[in-house]
Amino acid sequence: NRTAPRKAGLSPHIDDSRKLGRYSGVMLLGKKHNGYQKAVGIITIYAMCPNGAWATAVKDRNTQASLKTTDPNEQLVNDLRDAMATHAHPDTTWILMGDTNCRSTETENTPLRRRHQAAWKGLMATFDMNFAEPEGPTCFPANGAPSHIDHIIMSNELRASAMVGAHTVSCFAKGDT
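Residues numbered from 1 in each chain as written. Predicted model: local features only at pLDDT ≥ 70, side-chain atom pairs only at ≥ 80, totals over all residues. Heavy atoms only, no water.

### So, the pairing of strand 4 (residues 39-46)
Convention followed: When DSSP locates at least two bridges between a pair of strands, those strands are taken to pair. A run of H or I in DSSP counts as a helix once it spans at least four residues, and a run of E counts as a strand once it spans at least two, with each numbered from the N terminus.
In this structure, strand 3 (residues 23-29) lies alongside strand 4, joined through seven bridges in antiparallel fashion. Paired with Met27 across the strands is Gly41, a residue of strand 4. Note: strand 4 against strand 5 (residues 92-99), eight bridges, orientation parallel. Directly across from Ile45, in strand 5, lies its bridge partner Gly98.

Structure follows, in structure tokens:
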């Protein structure tokens, strides 16, 4: 595999369009075979903690700029969808990993977090992806109970193949593979 764009003039890098460091990724292309060329996009993500200082500052800035979407996490999902769409082809698969600040299977406890959960699920539906669910907590904060907010989100095609049962980013980081 090699790092390369599919279309002339398009960068193989997928960078945060707002320069906030919320996501960064790369497209890897396989060899052409019978006119087809498989590709995989690998993107790391960081969603702001809802109602945290950074999220509040970004929301205030978005409101002052009269943007249609002022919520920073919904904006993240929308921007990520747009960035992925420029690279998406029928033979493209995706791996997204990082802190979504969203629980994948549990019911979120506030309307704001439920909207974020719906936005992530909408993104996954757009690109035929799903959470690669861990067996236990994925986030171990210093001051609170473990939770399920760090994820690997991947194309269903990958989940159905060798990637079944993938560990979370936290488990890899801790050497618990």
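From this point on, the discussion continues.
### Considering the packing of helix 2 (residues 72-85) against helix 3 (residues 111-126)
The condition is simple: Whenever a helix is involved, its axis is fitted only over the stretch in contact; in every case the axis is a line through C-alpha atoms, and angles between N-to-C directions fall within 0 to 180 degrees. With respect to orientation, any angle under 35 degrees is reported as roughly parallel, any angle over 145 as roughly antiparallel, any angle of 65 to 115 as roughly perpendicular, and every other angle as oblique. The contact definition used throughout considers only heavy atoms, calling two residues in contact when any of these lie within 4.5 Å. Think of it as three bins: nonpolar holds Ala, Val, Leu, Ile, Met, Phe, Trp, Tyr, Cys and Pro, charged holds Asp, Glu, Lys and Arg, and polar takes everything else, Gly as well.
Axis separation between helix 2 and helix 3 bottoms out at 9 Å; the angle between their running directions is 10°. Between helix 2 and helix 3, the angle falls in the class roughly parallel. Residue-level contacts link Asn73, Glu74, Leu76, Val77, Leu80, Arg81 and Met84 of helix 2 to Arg115, His116, Ala119, Trp120, Gly122, Leu123 and Thr126 of helix 3. For the contact of helix 2 with helix 3, the residue count by class is seven nonpolar, four polar and three charged.

Any functional reading would require information that these geometric values do not contain.
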